[in-house]
Structures are given as structure tokens and as C-alpha cells.
Amino acid sequence: MTSTAAVTTDALWLRYHRDGDVEARSELLTQLMGLVHHVARQIANRVGDAVEYEDLVGAGSLGLVQALSGFDPDRGVTFVTYATTRVRGAILDELRAADWRPRSVRERARRIAITTRELREKLLREPTVDEVAGELGIDSDTYWRWRGDAESGVTIPLDSALADA
């Protein structure tokens, strides 16, 4: 976004905040949907097919609306900078809320993946379970428990028929 567009966006925010101008609010939301899509694409690239892109955009749009009411220009940042942070935060909050696994389980899975990748690059082959476990400072039983915790569980969409289960 160019500095001229940022100034225009900040001017619109001031009109909305100072005067309650609903046209300025609508224009802000329209202008900044590109920002919402940009942040959603960045996050979609990291999470892959695990979440629908439209769901990310929806959560980001809510973050943008929240940014309109929570922005404080006295903090020394532009509205666009603040909105970007709120959009990203809203999307990440939605992803966390949708993930049934505790943070510790996600962290252990991440540690296994990183260690496996590092060993693969170092050894120039796929590492064994014992090699990964040793690098993590755990035994192979703990390794398999961590893997099982990360991979287990069946998720059922809330709108699916339970009678079929």
C-alpha cells in the first residue's frame, strides 16, 4: 500500500471516528479487504489445506471491523499498521480456537518435525526414530507417545449427522 493510500485510509478513519461517518466506514472496509486477503494468503501458505481460505478471510474481516473500533491514533501508528496486526491476530485466534490439541502437543509435534528435518539434512538420509528421539533427549517410547498425541483424534464437523456415526 502506498503512502498516499495510507494517508487516505487514515483520513477516512478520522472521518469515521470523529463524525461517525458511515460512508467513511464502508469505504475503509472496502479499501482494506485487499489487506485482509493478503494476510489470509500469507497464513494459508503456512497452514496449507488444513483450513479453508474463505474461513481465514472471514476471521480477518472480523479483525478489520474490530480494528475500526479499537484504534487509538495517539499510540503513534497508522491505522493500516494497526489493522494489519488486528487482522492477523483475529485469523490466528480463529485457528487456535479450531485446533482441539493443547499447545504442548502442537509444540512437541513441531519439535519432532524440526529435528527430523535437521537430521535429514545433516545425515543426507531419513533419520531413524532412535536418532530423532536421541536428538530430542527422549526415549523412543516417549517419541511414539508424542507422535500419537499429535496425530490421534477424529474430528467430526458439527453440522454432520451424528446418526451416521
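Please read these numbers as outputs of a predicted model, since none were measured by experiment. (Residues numbered from 1 in each chain as written. Predicted model: local features only at pLDDT ≥ 70, side-chain atom pairs only at ≥ 80, totals over all residues. Heavy atoms only, no water.)

Trainee: Give me the packing of helix H5 (residues 103-123) against helix H7 (residues 140-151): which residues, what numbers.
Mentor: Between H5 and H7, the least distance of the axes is 9 Å, while the angle of their chain directions is 120°. With respect to H7, the axis of H5 lies oblique. Between H5 and H7 lies a crossing of left-handed hand. Here Val105, Arg108, Ala109, Arg111 and Ile112 of H5 come into contact with H7, specifically with Tyr143, Trp146, Arg147, Asp149 and Ala150. (Axes fitted to C-alpha atoms, helices over the stretch in contact; angles between N-to-C directions. Helix = DSSP H or I, 4+ residues; strand = E, 2+ residues; numbered from the N terminus. Parallel < 35°, antiparallel > 145°, perpendicular 65-115°, else oblique. Left-handed = near helix turned anticlockwise from the far one by under 90°. Contact = heavy atoms within 4.5 Å.)

Trainee: So, the nonpolar core: which residues are in play, and what are the values?
Mentor: Ranked by size, the top nonpolar core spans 26 residues in total, and within it Leu28, Leu32, Leu56, Leu64, Phe79 and Ile91 carry the most contacts. If you tally residues by element for this core, the top one is helix H2 (residues 22-47), at ten residues. Residues within four places of Leu56 in sequence aside, it is in contact with Ala40, Ile43, Ala44, Val51, Ile91 and Leu95. Of all hydrophobic cores here, the second largest spans eight residues; its members include Leu119, Leu136, Tyr143 and Trp146. (Core = buried A, V, L, I, M, F, W, Y, C linked by side-chain atoms within 4.5 Å. Buried < 20%, exposed > 50% of the residue type's maximum accessible area, 1.4 Å probe, protein only.)

Trainee: Give me the packing of aromatic side chains: which residues, what numbers.
Mentor: If you walk through the whole model with that rule in mind, you get five aromatic pairs. A centroid spacing of 5.3 Å and a plane angle of 85° characterise the contact between Phe71 and Phe79, whose relative ring orientation is edge-to-face. Of the two residues, Phe71 and Phe79, both sit in the buried class. An angle of 50° between the planes, with centres 5.5 Å apart, marks the rings of Phe71 and Tyr82 as tilted. Of this pair, Phe71 sits in the loop between helix H3 (53-70) and helix H4 (79-98) while Tyr82 sits in helix H4, placing them eleven residues apart in sequence. In this structure Phe71 comes out as buried when scored by relative accessible area, which is 8%. Counting every residue linked through ring pairs, the aromatic cluster contains Trp13, Phe71, Phe79 and Tyr82. (Phe/Tyr/Trp six-rings, centres within 6.5 Å; stacked < 30°, edge-to-face > 60°.)

Trainee: Go over the confidence of the model for the protein, please, and point to the residues and values.
Mentor: When pLDDT is averaged across the protein, the result is 84; 87% of the residues are at 70 or more. When mean pLDDT is taken per element in the protein, helix H6 (residues 129-136) scores highest with 96 and helix H1 (residues 3-19) scores lowest with 76. Confidence over residues 154-165 falls short of pLDDT 50; this stretch has one contact with residues more than four positions distant or in other chains. (pLDDT = per-residue confidence, 0-100.)

Trainee: Would you mind going over the packing of H3 against H4 in detail, with residue names and values included?
Mentor: At their nearest, the axes of H3 and H4 sit 7 Å apart, and the two run at 135° to each other. In terms of orientation, H3 lies oblique with respect to H4. Viewed along their axes, H3 and H4 form a crossing whose handedness is right-handed. Each of Leu56, Ala59, Gly60, Gly63, Leu64, Gln66, Ala67, Leu68 and Gly70 in H3 lies in contact with H4, whose residues at this interface are Phe79, Tyr82, Ala83, Arg86, Val87, Ala90, Ile91, Glu94 and Leu95. Looking at the contact of H3 with H4, its residues break down into twelve nonpolar, four polar and two charged. (Nonpolar A, V, L, I, M, F, W, Y, C, P; charged D, E, K, R; others polar.)

Trainee: How would you sum up the environment of Ala90? Please name residues and give values.
Mentor: Topologically, Ala90 is positioned in helix H4. The spacing of Ala90 and Ala59 is 31 residues in sequence and 5.8 Å in space, taken between C-alpha atoms. In this structure, Ala90 is in contact with Ala59 and Gly63, ignoring residues within four places of it in sequence.

Trainee: Explain H7 residue by residue, including any values.
Mentor: Given a rise of 1.5 Å per residue, twelve residues ought to cover 16 Å, and the 16 Å separating the end C-alpha atoms of H7 matches this to within 8%. Of all the positions in H7, only Thr142, Tyr143, Trp146 and Ala150 are classed as buried. Down the axis of H7, the buried set is contained in an arc of 105°. They therefore lie on one face. The exposed residues of H7 that point more than 90 degrees off its buried face are Asp141 and Glu151. Buried residues along H7 sit against H5 and H6. For H7, the N-terminal cap is Asp139; the gap from its side-chain oxygen to the backbone nitrogen of Asp141 is 3.3 Å. (Expected span 1.5 Å × (residues − 1). Arc of directions from axis to C-beta. Polar contact = N/O pair within 3.5 Å; in protein donor to acceptor, adjacent residues only side chain to side chain.)

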